[in-house]
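So you can see what is in the structure, the chains are spelled out below.
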Amino acid sequence: MSEPRPAPDPRGTAPGPRRMKPAQLLFEPPEAVADPEHFFGLESMEDPHELLGRATELTLAFRAAADRATEFQALAAAQLSDPSRFDRLPLAVLAEQAEWTEDYAQKMIEFGRSLMRSGGTLPGDMD
């Protein structure tokens, strides 16, 4: 499986290069989620070096997860806009469902098609 590619930015700026492998995201226990002050145990860390390290790991993990989810959005957009589908969605409907502008939806469709052409990850392909 290939490394995820950064998604196109609606502002037109390219994302920066990845510096390190992100930490694995773990789900928090339900009782921790109920406490608005609790966030992956960061609030209880007293050592600023440890706090910076863990917060950086989480930042990179969330960024990687967002990039990956965006790739799947692009793949879905490309599939849903495929002219050969009987249930093809018009660009305006696709944009509305994804809460995008039509211009951004078109860019995501193109990005999804490029992922499909390059043999990138397809929905259902998991490690």
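Residues numbered from 1 in each chain as written. Predicted model: local features only at pLDDT ≥ 70, side-chain atom pairs only at ≥ 80, totals over all residues. Heavy atoms only, no water.

## Looking at the overall build of the chain
Okay, step 1: A tally of helices and strands in the chain yields 4 helices and 0 strands.
Okay, step 2: From first element to last, N terminus to C terminus, the chain shows the α and β order α-α-α-α.
Okay, step 3: Counting every position in the chain, which comprises 127 residues, the buried fraction comes to 28%.
Okay, step 4: Within the chain, contacts between residues at least 6 apart in sequence are counted, and of these 63% link residues at least 24 apart. (Helix = DSSP H or I, 4+ residues; strand = E, 2+ residues; numbered from the N terminus. Buried < 20%, exposed > 50% of the residue type's maximum accessible area, 1.4 Å probe, protein only. Contact = heavy atoms within 4.5 Å.)

## Details of the nonpolar core
Okay, step 1: Grouped together as the largest cluster of nonpolar side chains are 13 residues, with contacts concentrated most on Ala 77, Leu 94, Trp 100 and Met 108.
Okay, step 2: For this core, the element with the most residues is helix α4 (residues 102–117), which contributes 6 residues.
Okay, step 3: Beyond its immediate stretch of four places on either side in the chain, Ala 77 contacts Leu 94, Trp 100 and Ile 109. (Core = buried A, V, L, I, M, F, W, Y, C linked by side-chain atoms within 4.5 Å.)

## Here's the deal with the pattern of salt bridges
A side chain with one charge may pair with a side chain of the opposite charge, provided their charged atoms come close.
Okay, step 1: In this structure the tally under the stated criterion is 3 salt bridges.
Okay, step 2: One salt bridge in this structure joins Glu 57 and Arg 54, with 3.2 Å as the shortest N-O distance. Of this pair, Glu 57 and Arg 54 are both found in helix α2 (residues 48–80), 3 residues apart, which corresponds to roughly one turn of the helix.
Okay, step 3: Classification of Glu 57 as partly exposed rests on a relative accessible area of 33%.
Okay, step 4: For Asp 87, the salt bridge goes to Arg 85, with nearest N and O atoms at 2.9 Å.
Okay, step 5: Look at Asp 87 and you get partly exposed, because its relative accessible area is 33%. (Salt bridge = Lys/Arg side-chain N within 4 Å of Asp/Glu carboxyl O.)

## Here's the deal with the environment of Ser 118
Okay, step 1: Position of Ser 118 among the secondary structure elements: in the segment after α4.
Okay, step 2: Looking at Ser 118, the relative accessible area reads 43%, which means it is partly exposed.

## Here's the deal with the packing of helix α3 (residues 91–98) against α4
A pair of packed helices can be characterised by two numbers: the angle between their axes and the separation between those axes.
Okay, step 1: Following both chains from N to C, one finds α3 and α4 inclined at 95°, their axes separated by 9 Å at the closest point. As judged from the angle between their axes, α3 and α4 are roughly perpendicular. Counted together, Leu 91, Ala 92, Leu 94 and Ala 95 of α3 and Glu 102, Ala 105, Gln 106 and Ile 109 of α4 form the full contact between these two elements.
Okay, step 2: A breakdown of the residues in the contact of α3 with α4 according to their chemical character gives 6 nonpolar, 1 polar and 1 charged. (Axes fitted to C-alpha atoms, helices over the stretch in contact; angles between N-to-C directions. Parallel < 35°, antiparallel > 145°, perpendicular 65-115°, else oblique. Nonpolar A, V, L, I, M, F, W, Y, C, P; charged D, E, K, R; others polar.)

## Notes on α4
Okay, step 1: With 16 residues, α4 should reach 22 Å at 1.5 Å per residue; the first-to-last C-alpha distance of 22 Å fits that figure.
Okay, step 2: Turning to α4, its buried residues number three or more, namely Tyr 104, Ala 105, Met 108, Ile 109, Phe 111, Gly 112 and Leu 115. For α4, the arc enclosing every buried residue in end-on projection is 165°, short of the 170-degree limit, so these residues lie on one face. Away from the buried face of α4 by more than 90 degrees, exposed residues Asp 103 and Arg 117 are located. (Expected span 1.5 Å × (residues − 1). Arc of directions from axis to C-beta.)

## Some thoughts on α2
Okay, step 1: Look at α2: 47 Å from first C-alpha to last across 33 residues, which is about the 48 Å you get at 1.5 Å a residue.
Okay, step 2: Where α2 begins, the capping side chain belongs to Asp 47, and its oxygen is found 3.0 Å from the backbone nitrogen of His 49. (Polar contact = N/O pair within 3.5 Å; in protein donor to acceptor, adjacent residues only side chain to side chain.)

## Quick look at the environment of Thr 70
Okay, step 1: With respect to the helices, strands and loops of the structure, Thr 70 is situated in helix α2.
Okay, step 2: At 2.8 Å, the side chain of Thr 70 forms a polar contact with the backbone oxygen of Ala 66.

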